Amino acid sequence: MAEYYGLEAICRRMGWRDLRAPVRQMIQSGFLMYKRRHGKHPRRVWYTHDRLIGVWEVAIAHVQRAQFVERVHERKASQLSS
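First, a word on scope: everything that follows refers to the structure included in this document. Note that this is a predicted model, so its numbers are computed, not measured.

Check the secondary structure of the protein and you find 3 helices and 3 strands. Beginning at the N terminus, the succession of helices and strands in the protein can be written as β-α-α-β-β-α. Taken over the C-alpha trace, the protein has a radius of gyration of 18 Å; the compact-globule value for 82 residues is 12 Å, which it surpasses by more than 25%. Taken along the three principal axes of its C-alpha coordinates, the protein extends 65 × 25 × 20 Å. Counting all 82 residues of the protein, 21% fall into the buried class. Taking the contacts inside the protein whose residues are at least 6 apart along the sequence as the reference set, 47% of them involve residues at least 24 apart. Accessible area of the protein: about 6500 Å², with a carbon and sulfur share of 54%. Here the protein contributes 16 positively and 7 negatively charged side chains, and the mean placements of these two sets differ by 5 Å.

Now the structure itself:
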């Protein structure tokens, strides 16, 4: 399991160019990361790992599927009422 310390490493893993993207994704869509110390360094940095990223991706897929199914049902209902 790979671990990612710092916004730069997280962005590299996710393919995001903007260093603000992980924090924005955490706020908007619940991207799973938290602050943690790396080794003996006293400052805490943003941290995530592959398992957390996988869980987040599955959750996003569930949300998008539910939205898609809802749109399909709305279209069918509007077609029946027309």
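From this point, the narrative continues.
Our focus in this paragraph is the sheet that holds strand 1 (residues 3-5). Read from one edge of the open sheet, 3 strands run 1-3-2, paired in antiparallel fashion. The open sheet has two edge strands with one neighbour each: strand 1 and strand 2 (34-37). Between one strand axis and the next, the sheet turns through 45° on average, direction left out of account. For strand 2 and strand 3 (residues 44-49), the ladder comprises 4 bridges, and the chain directions are antiparallel. Across the sheet, the residue bridging to Tyr34 is Tyr47, located in strand 3. Its contacts with the sheet place helix 3 (residues 50-81) against strand 1, strand 2 and strand 3, and it is angled at close to 65° to strand 3.

As a further point, take the nonpolar core. Residues Tyr4, Ala9, Ile10, Met14, Phe31, Met33, Ile53 and Trp56 constitute the largest nonpolar core, which totals 8 residues. For this core, the secondary-structure elements that each account for two or more residues are helix 1 (7-14) and helix 3. Excluding its chain neighbours within four sequence positions, the residues that come into contact with Tyr4 are Ala9, Ile10, Arg13, Trp46, Tyr47, Thr48, His49, Asp50 and Ile53.

With that out of the way, let us pick up the environment of Arg36. Summarising the element assignment, Arg36 is placed in strand 2. Overall, the relative accessible area of 31% leaves Arg36 in the partly exposed class. Apart from residues lying up to four places away in sequence, Arg36 is in contact with Glu3, Tyr5, Arg43, Arg44, Val45 and Tyr47. Polar side-chain contacts of Arg36 include one of 3.1 Å to the side chain of Tyr47.

About the cut-offs
- Residues numbered from 1 in each chain as written.
- Predicted model: local features only at pLDDT ≥ 70, side-chain atom pairs only at ≥ 80, totals over all residues.
- Heavy atoms only, no water.
- Helix = DSSP H or I, 4+ residues; strand = E, 2+ residues; numbered from the N terminus.
- Rg over C-alpha atoms; globule rule 2.2 N^0.38 Å.
- Buried < 20%, exposed > 50% of the residue type's maximum accessible area, 1.4 Å probe, protein only.
- Contact = heavy atoms within 4.5 Å.
- Areas by Shrake-Rupley, 256 points an atom, 1.4 Å probe, with all protein chains shown as cover.
- Lys, Arg positive; Asp, Glu negative; His and termini not counted.
- Charge placed at Lys NZ, Arg CZ, Asp CG, Glu CD.
- Pairing = 2+ DSSP bridges.
- Axes fitted to C-alpha atoms, helices over the stretch in contact; angles between N-to-C directions.
- Core = buried A, V, L, I, M, F, W, Y, C linked by side-chain atoms within 4.5 Å.
- Polar contact = N/O pair within 3.5 Å; in protein donor to acceptor, adjacent residues only side chain to side chain.

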